[in-house]
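Examination of the molecular architecture
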Amino acid sequence: MAVIGGIVGAGIFINPFLVAERVHSTFLILLAWICGGLVALIGGAIYAELSARLPVVGGQYTYLRRALHPGVGFIYGWVLLLVIQTGGMAAVAVTFARYLLIVTHWHIPESLVATVALLVLTGVNCLGVGAGSRVQSLATLIAIAAIAVLEIFSLFAWSSSQLSWQPVLDPPLSAGLGVAFGSALVPVLFAYGGWQTATFLAGEMRDPERTLPRALLLGVVVVIVTYTSVNFVYLYVLGAAGLRTTPAPASTVMLALAGPRGEQFIAAGIAFSAFGFLAQSILTAPRVYYAMARDGLFFRSVGWVHPRTHVPVIAIAVQGIWATLIALTGTYAQIVNYVVAVDCTFFGLTAVCLIVLRRRGEGGTAVRYFVPGHPWTTLLFVAVEWIVVVSTCIADPIRATIGFGIALLGLPAYLFWRSRTRVEV
């Protein structure tokens, strides 16, 4: 549930519109979602082996720190706090607020609802892993149920299919098509992103060497099936042309099928989906900031663990407050490109960690899971992630530059914390 909840947020209800804007045929739209799912599945396999080799708190941060350099791990944690995790949380909180207000008809500011949601979930997760995971699991199950109802209604209540397989390629086969397809993968990978955050909890799981690989692979497979099938439904009802002119395809489809009540139902489903994503994000990512603090690379207080709940309360609170501030100033569309550019860069670097750790023999004979087809599947994952980075930089150089600029600011911050730690020692 942590893996599925980390992936299934508001993206599947919004991003299909962005994908259809960039590639225009049914074949290419579905291919983008299938390819994105396969990339996520390979990534899940890579992270499964990494988690089996290093079953510790901090996940991706620890892999980068141990395999490459402590500075690389710090910069990842830096952008996770300032951009990737909190920016995504803020955008999804605004989305949650928007759809909750549609359902309830309350006349209050979206920013206020988003702020309350972030603060409430931050408080819940300070009570312990059990409380946070139960809230997240319930919200995720409701979201998946809403998607299932959408699909069943569409396939059985809609008689005039808008599916068309001609033309197969649009735009035509060319270098421009490659750039367009790479650009289409940006919102796809953003929607599939989040499976890796379950590794942050490895140090708090029972038997993580066995449990986490199974969770990663099974969770990603469930989401691939869910995402591909719901996009088929969007295309079945709206067609490729209709999808690229519909910013809220799920609401549009349910309004056409079941009228205002259908629209209200799916709005509630989207709200629960966003809420589940927020619950999972607040549950998992603070373990990275906690690990950084324990390594002497962040404020020492962030590494404090509550003696009764056994959770890093300060780390959770810092993340919640920063996400709340971003929610008051940002929107969903503004963050997708620069989040994906930075995130995909670190995905590729983390896959490189597996190659390094295997050569060192780290984990020894205790490792129970190995990536099928390594090193070729691992290298393929690295290549795809970095091709998406290049496509993002070409399609939106300004926001990509902002993301990398924030990452580079982490270098002097790392040198400061490193020097401070040496002085204390």
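Everything numeric here is computed off the predicted structure, so don't read it as measured data.

Glancing now at the overall build of the chain. The number of helices and strands found in the chain is 15 helices and zero strands. Relative to the compact-globule value of 22 Å for 425 residues, the chain shows a C-alpha radius of gyration of 21 Å, a close match. For the C-alpha atoms alone, the extent of the chain along its principal axes is close to 70 × 50 × 40 Å. Relative to all contacts within the chain whose residues are 6 or more apart in sequence, the contacts with residues 24 or more apart total 83%. Carbon together with sulfur atoms contributes 70% to the accessible area of the chain, which is approximately 16,800 Å² in total. Separation between the mean location of the 23 positive side-chain charges and that of the 15 negative ones in the chain comes to 9 Å.

As a further point, take the nonpolar core. Counting residues in hydrophobic clusters, the biggest one holds 132 residues, and the most contacted among them are I29, W33, W195 and Y227. Per-element accounting of this core gives the leading share, 18 residues, to helix α5 (residues 70-104). For I29, the contacting residues outside a window of four places in its chain are V19, A20, V23, H24, L235, A240 and L243.

What follows is about the side chain of Q60. Residue placement: Q60 occurs in helix α4 (residues 60-67). Only 3.0 Å separates the side chain of Q60 from the side chain of Y76, close enough to count as a polar contact. Those residues within four positions of Q60 in sequence are excluded, and the remaining contacts are Y47, Y76, Q196, T199, F200, F346, F347 and T350.

Turning to helix α11 (residues 286-294), a few remarks are in order. The buried count for α11 comes to eight of nine residues, which makes it a mostly enclosed element. Along α11, the residues classified as buried are P286, R287, V288, Y289, Y290, A291, M292 and A293. Once α11 finishes, G296 follows within two positions and takes phi at roughly 80°, a positive value.

Quick look at the confidence of the model for the chain now. Averaged over all residues, the pLDDT of the chain equals 82, while 91% of them reach at least 70. Ranking the helices and strands of the chain by mean pLDDT puts α4 first, with 90, and helix α7 (residues 129-157) last, with 75.

For the rest of this paragraph, the subject is α4. Summarising burial for α4: six of the eight residues are buried, a large majority. Along α4, the residues that are buried comprise Q60, Y61, T62, Y63, L64 and A67.

This part covers the side chain of S251. For S251, the position within the fold is in helix α10 (residues 249-284). Apart from the residues lying within four places of it in its own chain, the contact partners of S251 are Y99, E263, I266 and I270.

What follows covers the packing of aromatic side chains. In this structure the tally under the stated criterion is 15 aromatic pairs. Geometrically, the ring pair formed by W33 and Y227 is edge-to-face, given 5.7 Å between the ring centres and 90° between the ring planes. Of the two residues, W33 is situated in helix α3 (residues 26-53) and Y227 in helix α9 (residues 208-243); the sequence distance between them amounts to 194 residues. With a relative accessible area of 0%, W33 lands in the buried category. For Y227, a relative accessible area of 0% gives the class buried.

Mapped onto the fold, L238 is located in helix α9. Under the relative-accessibility criterion, L238 is labelled buried at 18%. As a C-alpha pair, L238 and L163 span 75 residues in sequence and 8.0 Å in three-dimensional space. Residues in contact with L238, not counting those within four places in the same chain, are Q162, L243, T246, P249, T252 and V253.

The next thing to look at is the packing of helix α6 (residues 110-126) against helix α12 (residues 313-327). Closest axis-to-axis distance for the α6/α12 pair is 9 Å, and the angle between their directions is 175°. Taken together, α6 and α12 sit at an angle that is classed as roughly antiparallel. Residues A114, T115, L118, L119, T122, N125 and C126 of α6 pack against V313, I316, A317, G320, A323, T324 and A327 of α12. Tallied by class, the residues present in the contact of α6 with α12 amount to nine nonpolar, five polar and no charged.

As for its placement among the helices and strands, T378 is situated in helix α14 (residues 376-395). Judged by relative accessible area, which is 0%, T378 ranks as buried. Distance in space between the C-alpha atoms of T378 and A45 is 9.1 Å, their sequence separation being 333 residues. Beyond its immediate chain neighbours, meaning those up to four positions away, T378 contacts I46, A351, L354, I355 and V371. There is a polar contact of 2.7 Å between the side chain of T378 and the side chain of H374.

There is a patch of nonpolar side chains on the surface, built from F27, W165, V168, L169 and L173 and spanning about 470 Å² of accessible area. Within the fold, L169 resides in the loop between α7 and α8 (175-192). We classify L169 as partly exposed; its relative accessible area is 32%.

What follows deals with the packing of α5 against α11. If you want to describe how two helices pack, look at the angle between their axes and the distance between the axes. At a closest axis distance of 10 Å, the pairing of α5 and α11 adopts a crossing angle of 145°. Relative to α11, α5 is oriented so that their crossing is left-handed. Contact residues: F74, G77, W78, L80, L81 and Q85 in α5; V288, Y289 and M292 in α11. Residues belonging to the contact of α5 with α11 are distributed by class as follows: seven nonpolar, two polar and no charged.

Structurally, A341 is set in helix α13 (residues 332-360). A C-alpha to C-alpha distance of 29 Å links A341 and N125, two positions 216 residues apart in sequence. Apart from residues lying up to four places away in sequence, A341 is in contact with V389, T392, A400 and F404.

Cut-offs and rules
- Counting restarts for each chain: residues are numbered from 1 in the order of the written sequence.
- Note on the predicted model: pLDDT of at least 70 is required for a residue's local features to be given, and 80 or more for side-chain atom pairs to be given and counted; whole-chain, interface and lining totals, by contrast, use all residues.
- By convention in this description, side-chain values take in all heavy atoms of the structure and omit both hydrogens and water.
- Helix and strand assignments come from DSSP, with helices taken as H or I runs of at least 4 residues and strands as E runs of at least 2, each series counted from the N terminus.
- Just to be clear, the radius of gyration here is over C-alpha atoms, and the globule rule we use is 2.2 Å times residues to the power 0.38.
- Contact criterion: two residues are considered in contact whenever any of their non-hydrogen atoms come within 4.5 Å of each other.
- Residue exposure ignores everything except the shown protein chains as possible cover, and the areas themselves are Shrake-Rupley values with a 1.4 Å probe.
- Note on charges: Lys and Arg go in the positive column, Asp and Glu in the negative column, and His and the chain ends are not counted at all.
- The atom standing in for a charge is NZ when the residue is Lys, CZ when it is Arg, CG when it is Asp and CD when it is Glu.
- The criterion is simple. A nonpolar core is a set of buried Ala, Val, Leu, Ile, Met, Phe, Trp, Tyr and Cys residues joined through side-chain atoms within 4.5 Å.
- The buried label applies to any residue whose accessible area, calculated with a 1.4 Å probe on protein chains only, is under 20% of its type's maximum; exposed applies above 50%, and partly exposed to all values in between.
- Think of a polar contact as two N or O atoms within 3.5 Å of one another; within protein, one of them needs to be a possible hydrogen donor and the other a possible acceptor, and neighboring residues in sequence only count if both atoms come from side chains.
- For every residue, the predictor states its confidence as a pLDDT score lying anywhere from 0 to 100.
- A pair of Phe, Tyr and Trp rings is counted when the ring centres sit within 6.5 Å of each other, with Trp represented by its six-membered ring. The angle between the planes then sorts it: under 30 degrees is stacked, over 60 is edge-to-face, the rest tilted.
- Structural elements are reduced to axes, namely lines fitted to C-alpha atoms, with helices fitted over the stretch in contact, and the angle between N-to-C directions of any two is expressed from 0 to 180 degrees.
- For classification, angles of less than 35 degrees are called roughly parallel, those exceeding 145 degrees roughly antiparallel, those between 65 and 115 degrees roughly perpendicular, and all remaining angles oblique.
- Just so you know the grouping, Ala, Val, Leu, Ile, Met, Phe, Trp, Tyr, Cys and Pro go in nonpolar, Asp, Glu, Lys and Arg go in charged, and all remaining residues, Gly too, go in polar.
- By definition, no residue in a patch forms a salt bridge, and every one has over 30% relative accessible area; like charges are joined within 9 Å, nonpolar side chains (Val, Leu, Ile, Met, Phe, Trp, Tyr) within 5 Å.
- Counted as salt bridges are all cases of a side-chain nitrogen of Lys or Arg within 4 Å of a carboxyl oxygen of Asp or Glu.
- Left-handed describes a crossing in which the near helix is turned anticlockwise from the far one by less than a right angle; the clockwise case is right-handed.

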